[in-house]
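Descriptive analysis of the structure
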Amino acid sequence: MDQHAADRARRELLAEPREILLAVRRRLPHARRLIEDLYRLGAYLDAPLDRFPEPAGGRDMGTDQHSRPFPRIKLRSIMRVRFAPSPTGALHVGGARAALYNWLLAHGPGEEGDDTPGTFVLRIEDTDRERSTEENVAQILDALEWLGLQWDEGPISQLGNTPRHQQALQQLLDDGFAYHCNANADDVKAYKEKHGAERGFRGEPDADGAVRLHVPDEGRTSFEDAIRGETSFPNASMDDPVIARADGSVLYNFAVAIDDLDAKITHVVRGEDHLSNTPKQLLVFEALGETPPKYAHLPLLHGPDGKKLSKRHGAASVQELRDAGYLPEAVNNYIALLGTGFAADEEFFTMAQMAELFRLERVSKSPAVFDEQKLRHMNGRYLRELSLDELTERLEKFTGKSGLRGAVEISREKIQTLADFWPLAGFLVDGPVDDPKAFQKVIGAEGGVQTLTAAREALAATDPFTVENIEASLRELVESSGLKPGQVFQPVRVAIAGTTISPGIFESVALLGKDRTLSLVDDALIKAV
RNA sequence: GCCCCCAUGGUCUAGUGGUUAGGACGCCUGCCUUUCACGCAGGAGAUCGCCGGUUCGAGCCCGGCUGGGGGUACCA
């Protein structure tokens, strides 16, 4: 008998036991559930009567203890969710939304009104040693902290679970659910050319090589997606996935299943790009004889071009949003809206409100386009709701300057992001900006110098130098000169700010004080001549 | 190619058999006004992707089509 025939004979011999084992494994979760239920029933029967009070309204049948309604048994009523980013780049808004939704779930009312607090686990998916970096891990943690999405457990490094992965891998190998295979990409391609494109790759077992998971040739692998409902994939079209490299290091689809299992994750909520990975992971659970978590696949976030949001769509990472001057509370609120509505006619919600109102089943199935303009709008509203002290603190942190309180007070109505502040009000601290065009257009205009000179006199005579008095003085000048308000105010504005954009002119002048204002006006007058 | 998912104004959403299809962003007009904003009052913009079916009646249910998206790695 040649080697090939021997292999085939061996395979055929193993096929039946494997099928039997699989069948048993498939029923194992049920068996487990049954055993746990029975255990709980025992606990229930032994428990004091008041532990499971009669349902409100009472029962209409039976009075003896044994006919009491069976207690609702929910093995997984306490939500354990996770966010598992791979550190191959910064945290982008799609990932941030996934993290947020998981956080909301952990802090929400739970399933069926069970208000036991859930647990939000953070795991770093770093099995890709080529692309994962420490810097990216640090960036992701930093971004999550900034957003206030505090995790309850972790961060768990997937790489740290290597022994357990090896053990589970060996188990699948021993039980015949996985096999070593030396087939490479060309072999897979050749296989499909021979068997048809709809036929998934099935390898020939080798003594060594990468490890592939056996996928059944028939039937479908299906699951109930919390957002999409019944979702199923034909097994025949699936390739036998490689779950470990030839050197023994495990791959994503295997590691996630093991880690979700070990962390007792109840709900896997992740992006739709993982939808077609789910059956592979389900097959791992099945081969292990374990009950898989529930899955929910979030619609993707798209850029304006309708493609999956990525770096090239501009401010796509959380860090970039922070640098663009957005508030974490606004980012959370806006991002949450990309995929679900919390109420028919309201869009502003606190984290607590969102956690209370969020329902996985209500998440949209279709992708959403990230619209920075709307984020800006929401950010502006959040900004204006901050107290003056709070906003000042954030702006001082953002700009790295201090003593900004007065400037913040008179600018807050005019900015939508923290980044808008300095260009508008920086002159109040650092002096006028250089804008020759504005200077020429306003002060260099016909009569500009005369008006500014008159304004200087009016301001010099103003005492005390308050907003009200300054306004009165300048308006008086408008009256007496017969000029339009703008013709008087704009030269003053350009003199003190260097440009035509500034907070309210009277407020700005008052904040600068008389000496500083007059000196700035003098500078402008000199420059104009 | 193959597998899977999706489809309400430009954008995000509400609406699950009977509504003038609601709200928000953006856009336009007016008011306010010292620039820019904010705020206020209005307005334009949707044959609910298309075709067929079920029903007295469909954005909502069913089928097909079209379009879009995701996956198809010894990445995650």
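Residues numbered from 1 in each chain as written. Chains lettered and ligands numbered in written order. Predicted model: local features only at pLDDT ≥ 70, side-chain atom pairs only at ≥ 80, totals over all residues. Heavy atoms only, no water.

**Regarding the overall build of chain A**
When its secondary structure is counted, chain A shows 21 helices and 12 strands. By the burial criterion, 45% of the 529 residues in chain A qualify as buried. Long-range pairs, those at least 24 residues apart, make up 73% of the contacts in chain A between residues at least 6 apart in sequence. Only carbon and sulfur atoms are counted for the fraction: they give 52% of the accessible area of chain A, which is about 26900 Å². (Helix = DSSP H or I, 4+ residues; strand = E, 2+ residues; numbered from the N terminus. Buried < 20%, exposed > 50% of the residue type's maximum accessible area, 1.4 Å probe, protein only. Contact = heavy atoms within 4.5 Å. Areas by Shrake-Rupley, 256 points an atom, 1.4 Å probe, with all protein chains shown as cover.)

**With respect to the side chain of T221**
Tracing the chain through its elements places T221 in strand 6 (residues 220-225). A relative accessible area of 8% places T221 in the buried class. There is a polar contact of 2.5 Å between the side chain of T221 and the side chain of N235. Apart from the residues within four sequence positions on either side, T221 is in contact with T231, S232, F233, N235, M238, P279, L282 and L283. (Polar contact = N/O pair within 3.5 Å; in protein donor to acceptor, adjacent residues only side chain to side chain.)

**Focus: the side chain of N235**
Its location among the elements puts N235 in the loop between strand 7 (229-234) and strand 8 (242-244). Excluding residues that lie within four positions of it along the chain, N235 makes contacts with R202, V215, P216, E218, G219, R220 and T221.

**Let's talk about the confidence of the model for chain A**
Looking at chain A as a whole, its pLDDT mean stands at 86, while 84% of the residues score no less than 70. Segment residues 46-76 is flagged for pLDDT under 50; beyond a separation of four residues in sequence, or across chains, it makes 38 contacts in the model. (pLDDT = per-residue confidence, 0-100.)

**Some remarks on the packing of helix 17 (residues 448-460) against helix 18 (residues 467-481)**
Two numbers describe a pair of packed helices, the interaxial angle and the distance between the axes. Between helix 17 and helix 18, the least distance of the axes is 9 Å, while the angle of their chain directions is 140 degrees. With respect to their mutual orientation, helix 17 and helix 18 come out oblique. The two elements helix 17 and helix 18 cross, and the hand of that crossing is right-handed. Contacts from T451, A454, A455, A458 and L459 in helix 17 reach I470, S473, L474 and L477 in helix 18. In terms of residue class, the contact of helix 17 with helix 18 is built from seven nonpolar, two polar and no charged. (Axes fitted to C-alpha atoms, helices over the stretch in contact; angles between N-to-C directions. Parallel < 35°, antiparallel > 145°, perpendicular 65-115°, else oblique. Left-handed = near helix turned anticlockwise from the far one by under 90°. Nonpolar A, V, L, I, M, F, W, Y, C, P; charged D, E, K, R; others polar.)

**A short note on the pattern of salt bridges**
Under the counting rule described, the total for this entry stands at 21 salt bridges. Notably, a salt bridge pairs R164 with D262, separated by 2.5 Å at the nearest N-O pair. Of this pair, R164 sits in helix 4 (residues 162-175) while D262 sits in helix 6 (residues 252-262), and the two are 98 residues apart along the sequence. For R164, a relative accessible area of 24% translates into the label partly exposed. Here D262 falls in the partly exposed class, since its relative accessible area comes to 34%. Each of the salt bridges in this network shares a partner with another, and the network as a whole consists of R82, R123, E125, D259 and D260. (Salt bridge = Lys/Arg side-chain N within 4 Å of Asp/Glu carboxyl O.)

**So, the pairing of strand 6**
Burial of strand 6 is one-sided: the residues T221, F223 and D225 facing one way are buried, the residues R220, S222 and E224 facing the other way are not. By the bridge criterion, six bridges tie strand 6 to strand 7 in an arrangement that is antiparallel. When the bridges of strand 7 are listed, D225 appears paired with G229. Where strand 6 folds back onto strand 7 in an antiparallel hairpin, the turn is made up of three residues. (Pairing = 2+ DSSP bridges.)

**Considerations on the sheet that holds strand 5 (residues 210-213)**
The three strands lie next to each other as 4-5-8, forming an open sheet whose pairing is antiparallel. Edge positions in the open sheet fall to strand 4 (178-181) and strand 8, since each of these has one partner strand only. Sheet twist, expressed as the average angle between the axes of neighbouring strands with direction ignored, equals 45 degrees. Examined bridge by bridge, strand 5 and strand 8 share two bridges and lie antiparallel to one another. Paired with V211 across the two strands is A244, which belongs to strand 8.

**Let's talk about unusual backbone geometry**
Residues D463 and P464 are joined by a peptide bond in cis, for which omega reads -5 degrees. Tracing the chain through its elements places P464 in the loop between helix 17 and helix 18. Even without being glycine, K264 reaches a positive phi, approximately 55 degrees. On the secondary structure map, K264 appears in the loop between helix 6 and strand 9 (267-271).

**Points about the protein's contact with RNA strand B**
If you check the shell around RNA strand B, you find 65 residues, and the closest are E125, T127, D128, R228 and R493. Within 4 Å of the protein, the contacting atoms of RNA strand B are drawn from sugar and phosphate to the extent of 73%. Measuring from a phosphate oxygen of RNA strand B, one finds a side-chain N or O atom of R245 at 3.1 Å. Looking at the surface near RNA strand B, the elements that each hand over two or more residues are strand 5, strand 7, strand 12 (368-369), helix 11 (372-385), helix 19 (485-497) and helix 20 (505-512). Classifying every residue of the surface near RNA strand B by side-chain character gives 23 nonpolar, 19 polar and 23 charged. (Near = heavy atom within 4 Å.)

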